[in-house]
Amino acid sequence: MSRKALIAANWKMYKTPAEATQFVEAFLPLVAGHSRDEIALFPSVTSLATVVLAVAGSKVMAGLQNMHFAEEGAYTGETSASMLKAVGATHTLIGHSERRQYFNETDEVVNRKLHTALKHGIVPVVCLGEVLAEREAGETASVLKAQITGALAGISADQAAPIVIAYEPVWAIGTGRTATPEMAVEAHRIVRAEIARMLGTEVASAMRILYGGSVKPENASSLLGEEEIDGALVGGASLKADSFAAIVHY
Ligand code: PGA
């Protein structure tokens, strides 16, 4: 089963609209004609509309880093699925480890957001991964299984096609410490097996599982060259157009 890779830039809380525009102007020529992989940018909410306009006419897509599960309401500071769609964005990250760590996002919240994203036709990139203490305690497999089970609760096989998973070991995010391709592949296999258990092997073998955590131009090809790794979610190395383009061209 061949899966089209997705190479995604998570800009976190970086870049004003002007900086985002500068990035896109420099980046698009570097990836013009690149059709092997999908490419998506996840800017901050204030730059989203700007990025959507800047990438229009190219194959590069844009999404939010976080989205609320409610349709609308008294949720100060939050962004709804319809707001995301109204500016022309197509994707959202869900359950990034920084959201889980600093904003108390639980598997239950992740699950509610996933249901909302699917209902609105938004491509959800569901992030999960173990922290260092869990890896060292030999709990990686059980943590990943629990996160997948929680995230996919109540999702049926017919709904699952748009879902993308991003395996991001928390100890590798922003630390310069990358999982080896073998470690990433092992984790992806655990995640895929759990998806198969819940939704069947057909859904599991079609679902893209990205790797994230200190992906750089220097390590992209060894990770992305693995059959089991269907793309990358890139933080730090996605902030510069040439470095992110080098990852796209791994
Ligand atoms: P990093 O971040 O590439 O800077 O490690 C990845 C992420 O948080 O998605």
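Residues numbered from 1 in each chain as written. Predicted model: local features only at pLDDT ≥ 70, side-chain atom pairs only at ≥ 80, totals over all residues. Heavy atoms only, no water.

S.K.: Give me the lowdown on the overall build of the chain, citing residues and values where you can.
M.R.: Across its full length, the chain carries eleven helices and eight strands. Its C-alpha radius of gyration of 17 Å places the chain within 12% of the 18 Å reference for a compact globule of 250 residues. C-alpha extents for the chain along the principal axes are approximately 45 × 45 × 35 Å. Counting the 250 residues in the chain, one finds 53% classified as buried. When contacts within the chain are restricted to residue pairs at least 6 apart in sequence, those whose partners lie at least 24 apart make up 72%. Summing over all exposed atoms, the chain offers an accessible surface of approximately 10,900 Å²; the carbon and sulfur share of this is 55%. Side-chain charges in the chain split into 21 positive and 27 negative, and the spacing between the mean points of these groups amounts to 2 Å. (Helix = DSSP H or I, 4+ residues; strand = E, 2+ residues; numbered from the N terminus. Rg over C-alpha atoms; globule rule 2.2 N^0.38 Å. Buried < 20%, exposed > 50% of the residue type's maximum accessible area, 1.4 Å probe, protein only. Contact = heavy atoms within 4.5 Å. Areas by Shrake-Rupley, 256 points an atom, 1.4 Å probe, with all protein chains shown as cover. Lys, Arg positive; Asp, Glu negative; His and termini not counted. Charge placed at Lys NZ, Arg CZ, Asp CG, Glu CD.)

S.K.: How would you sum up the sheet that holds strand β1 (residues 6–10)? Please name residues and give values.
M.R.: Strands sit in the order β1-β2-β3-β4-β5-β6-β7-β8 around a closed barrel of eight strands; the barrel is parallel. On average, adjacent strands in this sheet sit at an angle of 25 degrees to one another, irrespective of strand direction. In this structure, strand β4 (residues 91–94) lies alongside strand β5 (residues 123–128), joined through four bridges in parallel fashion. Counterpart to Ile94 in the pairing with β5 is Val126. Where helix α8 (residues 181–199) meets the sheet, its contacts fall on β5, β6 (164–167) and β7 (208–212), and the angle it forms with β7 comes to roughly 145 degrees. Across the sheet, helix α11 (residues 241–248) is in contact with β1, β2 (38–42) and β8 (231–234); its angle to β1 comes to roughly 160 degrees. (Pairing = 2+ DSSP bridges. Axes fitted to C-alpha atoms, helices over the stretch in contact; angles between N-to-C directions.)

S.K.: I'd like a rundown of the environment of Phe244, residues and numbers included.
M.R.: Considering the arrangement of structural elements, one finds Phe244 in helix α11. Along the backbone, Phe244 and Ala8 are 236 residues apart, and their C-alpha atoms lie at a distance of 9.0 Å. Not counting residues within four places of it along the chain, the set of residues in contact with Phe244 comprises Ile7, Ala8, Ala9, Phe23, Phe27, Ile39, Ala40, Leu41, Val234, Ala237 and Ser238.

S.K.: Please give an account of the side chain of His188 that cites residues and values.
M.R.: Mapped onto the fold, His188 is located in helix α8. In this view, His188 contacts Tyr167, Ile209, Leu210, Tyr211, Glu228 and Ile229; residues no more than four positions away in its chain are not counted.

S.K.: Tell me about the environment of Ser80, residues and numbers included.
M.R.: The topology assignment puts Ser80 in the loop between β3 (61–64) and α3 (81–86). A relative accessible area of 7% places Ser80 in the buried class. In the structure, Ser80 is positioned 14 residues away from Asn66 in sequence and 9.2 Å away in space, judged by C-alpha atoms. With sequence-adjacent residues up to four places away left out, Ser80 is seen in contact with Met67, Ala70 and Glu71.

S.K.: Hey, could you go over the site of the ligand for me, with residue numbers and the actual values?
M.R.: The ligand sits among 13 residues. The nearest are Lys12, His96, Glu168, Gly174 and Ser214. Within the side chain of Lys12, one N or O atom sits 2.7 Å away from an oxygen atom of the ligand. When the ligand is considered free in solution it has 290 Å² of accessible area, and contact with the protein chains removes 97% of it. Of the residues belonging to the shell around the ligand, the class tally is four nonpolar, seven polar and two charged. (Near = heavy atom within 4 Å. Polar contact = N/O pair within 3.5 Å; in protein donor to acceptor, adjacent residues only side chain to side chain. Nonpolar A, V, L, I, M, F, W, Y, C, P; charged D, E, K, R; others polar.)

S.K.: How would you sum up the pattern of salt bridges? Please name residues and give values.
M.R.: This structure, assessed with the given rule, holds twelve salt bridges. Note that Arg99 and Glu105 form a salt bridge whose closest N and O atoms lie 3.0 Å from each other. An identical accessibility class is assigned to Arg99 and Glu105; each is buried. One salt bridge in this structure joins Asp107 and Arg100, with 2.7 Å as the shortest N-O distance. On the accessibility criterion, Arg100 (17% relative accessible area) is buried. Taken together, the shared-partner salt bridges connect Arg3, Arg192, Glu228 and Asp230 into one network. (Salt bridge = Lys/Arg side-chain N within 4 Å of Asp/Glu carboxyl O.)

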